[in-house]
Amino acid sequence: DLYYRLNVIQIGLPPLRDRTEDIPLLVQHFAEKYAGELGKPVQSFSEAALKRLLDYPFPGNVRELENEVERAVALADDGEPIGVEHLSERIRQVQQRRQDLEVTLGNLEEGVIAVNEHGVVLQANRAARELLSTEGSLIGWPLTVGLRHAALSTLWSEAIRSKTPELRRDINLN
């Protein structure tokens, strides 16, 4: 009953990761809000700090962004621009994680191409996109790219026998 009382009008709002153009406006709003609450002058975010915020997927949506801005405003000295050093560790490392994923994807694609030469058909581009979208987790991607159990078994067997230790390391076979 409560659900139907509250569900008079539905408003669809995509997640923040799909609305990155909103991040600079939200950052400015939250910076002004928390600077006022803390009695500090409004600080601007450095270009590097804003880039990290734009690159981060924000699984916690706007509340996570708000908490991040509040933290940064609290840590920054008065009058000092908010830099990358004022952001939390998980956001500071987003660029390094992306670079690591790109290397992992490259190794995975090389391994898949090598495995394909042995008769396994796999859509490497779809697997790579899935890996990026899950921030590097391989859980569930075989089903997403349409691999059946037999093909998956062959893929793992070939990867285990593969002479590329990077591929084995990247898919945690060592």
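Above this text is the structure in question.
A brief structural summary. (Residues numbered from 1 in each chain as written. Predicted model: local features only at pLDDT ≥ 70, side-chain atom pairs only at ≥ 80, totals over all residues. Heavy atoms only, no water.)

### As for the packing of helix 2 (residues 23-38) against helix 3 (residues 47-55)
The interhelical angle for the contact between helix 2 and helix 3, taken along N-to-C directions, is 120°, at an axis separation of 10 Å. If you check the angle between helix 2 and helix 3, you find them oblique. With respect to the hand of their crossing, helix 2 and helix 3 are arranged in right-handed fashion. For the pair helix 2 and helix 3, the contacting residues are Ile-23, Pro-24 and Val-27 in the first and Leu-50, Leu-53 and Leu-54 in the second. Residues of the contact of helix 2 with helix 3, tallied by class, amount to six nonpolar, no polar and no charged. (Axes fitted to C-alpha atoms, helices over the stretch in contact; angles between N-to-C directions. Helix = DSSP H or I, 4+ residues; strand = E, 2+ residues; numbered from the N terminus. Parallel < 35°, antiparallel > 145°, perpendicular 65-115°, else oblique. Left-handed = near helix turned anticlockwise from the far one by under 90°. Contact = heavy atoms within 4.5 Å. Nonpolar A, V, L, I, M, F, W, Y, C, P; charged D, E, K, R; others polar.)

### Side note on helix 4 (residues 61-75)
In this model helix 4 runs 22 Å from its N-terminal to its C-terminal C-alpha over 15 residues, within 8% of the 21 Å that 1.5 Å per residue would give. Residues of helix 4 that are buried: Glu-64, Leu-65, Glu-66, Glu-68, Val-69, Ala-72 and Val-73. The inward-facing, buried residues of helix 4 abut helix 2, helix 3 and helix 5 (89-92). (Expected span 1.5 Å × (residues − 1). Buried < 20%, exposed > 50% of the residue type's maximum accessible area, 1.4 Å probe, protein only.)

### Here's the deal with the packing of aromatic side chains
Any two aromatic rings considered together are summarised by their centre-to-centre distance and by the angle between their planes. Counting across every chain of the model gives two aromatic pairs. Their ring planes at 80° and their centres at 5.0 Å tell us that Tyr-3 and Tyr-4 sit as a pair that is edge-to-face. Note on Tyr-4: relative accessible area 64%, which makes it exposed. (Phe/Tyr/Trp six-rings, centres within 6.5 Å; stacked < 30°, edge-to-face > 60°.)

### Quick word on the nonpolar core
Counting residues in hydrophobic clusters, the biggest one holds 23 residues, and the most contacted among them are Phe-45, Leu-53, Phe-58, Leu-65 and Val-69. Elements with a contribution of two residues or more to this core: helix 2, helix 3 and helix 4. Sort the elements by how many residues they give to this core and helix 2 lands first, with seven residues. Discounting residues that sit within four places of it in the chain, Leu-53 has contacts with Ile-23, Val-27, Phe-45, Phe-58, Leu-65, Glu-68, Leu-87 and Ile-91. (Core = buried A, V, L, I, M, F, W, Y, C linked by side-chain atoms within 4.5 Å.)

### Let's talk about the packing of helix 2 against helix 4
When two helices pack together, their arrangement is given by the angle between their axes and by how far apart the axes lie. Their axes nearest at 9 Å, the elements helix 2 and helix 4 cross at an angle of 50°. In terms of orientation, helix 2 and helix 4 fall into the oblique class. Crossing angle aside, the handedness with which helix 2 passes helix 4 is right-handed. Contact residues: helix 2 offers Ile-23, Leu-26, Val-27, Phe-30, Ala-31, Lys-33, Tyr-34, Ala-35 and Leu-38, while helix 4 offers Val-62, Leu-65, Glu-66, Val-69, Glu-70, Val-73 and Ala-74. Of the residues that constitute the contact of helix 2 with helix 4, the class distribution is 13 nonpolar, no polar and three charged.

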